[in-house]
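# Architecture and fold: a report
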Amino acid sequence: GAAGREVERDGVRHHMSFRVQAFVCCFNEADILEWTLEHLQLQEVEAYVIDNWSTDGSQHWANERFPAAGPSALYEWTAMLHRIERLAATSKADWCMIYDADEIRRSRHPGETLRDALARFDRAGWTAADHEVFQFWPVDDSYKGDPERSLLYYERPKIDTRLPHIKAWRNIGPVDLASSAGHRADFPGRYVAPEKLILKHYPIRTIAQAERKVMRDRIPRYDPAERAKNWHVQYDEVSRTREWIKRPETLTKWEGM
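Definitions and cut-offs
Residues numbered from 1 in each chain as written. Predicted model: local features only at pLDDT ≥ 70, side-chain atom pairs only at ≥ 80, totals over all residues. Heavy atoms only, no water. Helix = DSSP H or I, 4+ residues; strand = E, 2+ residues; numbered from the N terminus. Rg over C-alpha atoms; globule rule 2.2 N^0.38 Å. Buried < 20%, exposed > 50% of the residue type's maximum accessible area, 1.4 Å probe, protein only. Contact = heavy atoms within 4.5 Å. Areas by Shrake-Rupley, 256 points an atom, 1.4 Å probe, with all protein chains shown as cover. Lys, Arg positive; Asp, Glu negative; His and termini not counted. Charge placed at Lys NZ, Arg CZ, Asp CG, Glu CD. Pairing = 2+ DSSP bridges. Phe/Tyr/Trp six-rings, centres within 6.5 Å; stacked < 30°, edge-to-face > 60°. Lys NZ or Arg CZ within 6 Å of the ring centre and 35° of its normal. Core = buried A, V, L, I, M, F, W, Y, C linked by side-chain atoms within 4.5 Å. Salt bridge = Lys/Arg side-chain N within 4 Å of Asp/Glu carboxyl O.

## Some remarks on the overall build of the protein
The secondary structure content of the protein amounts to 8 helices and 13 strands. Against the 2.2 N^0.38 benchmark of 18 Å for 257 residues, the protein shows a C-alpha radius of gyration of 18 Å, consistent with a compact globule. Taken over the C-alpha atoms alone, the protein extends approximately 50 × 45 × 35 Å along its principal axes. Counting across all 257 residues of the protein, residues that qualify as buried make up 52%. Counting contacts in the protein only where the partners sit at least 6 residues apart, residues at least 24 apart contribute 71% of the total. Only carbon and sulfur atoms are counted for the fraction: they give 50% of the accessible area of the protein, which is about 12,100 Å². Each charge class in the protein was averaged separately, 38 positive and 41 negative side chains, and the resulting centres sit 2 Å apart.

Here it is in structure tokens:
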């Protein structure tokens, strides 16, 4: 993993050959995807964007469109996960990540990039990383980009706090993502670091974006076979209430960590 030429930065020696690759899943997320990709670049993580045939401009950042045959009526998440499994198996990166277009991930150590955090885990002998999820909500309808500046209020979602988010792994062989709906990279020799990375999730940004994403792009397109396995339940409640804008007093303001 982390062998190679070293440089010293901020008093710490860094392995220059250590590579991290994020496989970014995207469908009609143009209002946030640009910020996500810029963030990954600043985190020294290589991005590979897999686009599910977006129509809003997201496709301009895509490394590939999936499925290869063209748009599908259903949101075929299992097939997408199998595609990421195959891509990761052929990647030359030391670590891989499965990454959503509406996520910002960070180390718990201020100033440490994701790449350096994973290199630190690697040196300690850990082969996978879990995440602590914070879901952000708009408190008005003014989002125009840069989620970390625009959306400051979060909650700890009940579903996500119960599930693992082992979405980064040392690339030492094939992994199984599909069995857990992408929540766990399962593979022999998996040792999960006790320190969780931060995952800031921004699924809802504006009223128009929420109506389009949840009511058009997601709920009607979920595969019934996947729903039968209790997948894709994260928007069930809000799709009934359509409470896209939350009151700030019901949330917690992000103060950093």
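Now that the structure is up, let's keep going.
## Considerations on the sheet that holds strand β12 (residues 197–201)
Read across the sheet, 5 strands follow the order β7-β12-β9-β10-β13 without closing on themselves; strand pairing throughout is mixed. Since the sheet does not close on itself, it has two edges, and those belong to β7 (103–106) and β13 (252–253), each with one partner.

## Side note on helix α3 (residues 114–123)
Judged by how many residues are buried, α3 sits mostly within the fold: 8 of 10 residues are covered. Listed as buried for α3 are Leu-114, Arg-115, Asp-116, Ala-117, Leu-118, Ala-119, Phe-121 and Asp-122. Two residues or fewer after α3 comes Gly-125, characterised by a positive phi angle close to 95 degrees.

## So, the packing of aromatic side chains
The geometry of two aromatic rings is summed up by the distance between their centres and the angle between their planes. Counted under the stated rule, the structure contains 9 aromatic pairs. An aromatic cluster of three or more residues is present, and its members are Phe-134, Phe-136, Tyr-154, Tyr-202 and Trp-254. Just above the ring of Phe-27 sits the side chain of Arg-221; from NZ or CZ to the centre is 4.5 Å. Positioned above the aromatic ring of Trp-137, the side-chain terminus of Lys-246 is 4.3 Å from the ring centre.

## What about the nonpolar core?
Ranked by size, the top nonpolar core spans 33 residues in total, and within it Phe-23, Ile-50, Trp-77, Ile-84, Ile-98, Trp-169 and Leu-177 carry the most contacts. If you tally residues by element for this core, the top one is helix α2 (residues 77–90), at 6 residues. Residues within four places of Leu-177 in sequence aside, it is in contact with Leu-81, Ile-84, Glu-85, Ile-98, Trp-169, Gly-182, Arg-184 and Ala-185. Counting residues in each nonpolar core, the second largest holds 23 residues, with Ala-22, Val-24, Met-97 and Leu-114 among its members.

## Topic: the pattern of salt bridges
This structure, assessed with the given rule, holds 24 salt bridges. For the salt bridge of Arg-19 with Glu-46, the shortest nitrogen-to-oxygen distance reads 2.8 Å. You can see Arg-19 sitting in the loop between β2 (12–15) and β3 (20–26) and its partner Glu-46 sitting in strand β4 (residues 46–51), a full 27 residues away along the chain. A salt bridge links Arg-120 to Glu-112; the shortest N-O distance between them is 2.9 Å. A relative accessible area of 24% places Arg-120 in the partly exposed class. Each of Glu-29, Asp-31, Asp-102, Arg-205, Lys-213 and Arg-218 takes part in salt bridges that share partners, so that together they form one network.

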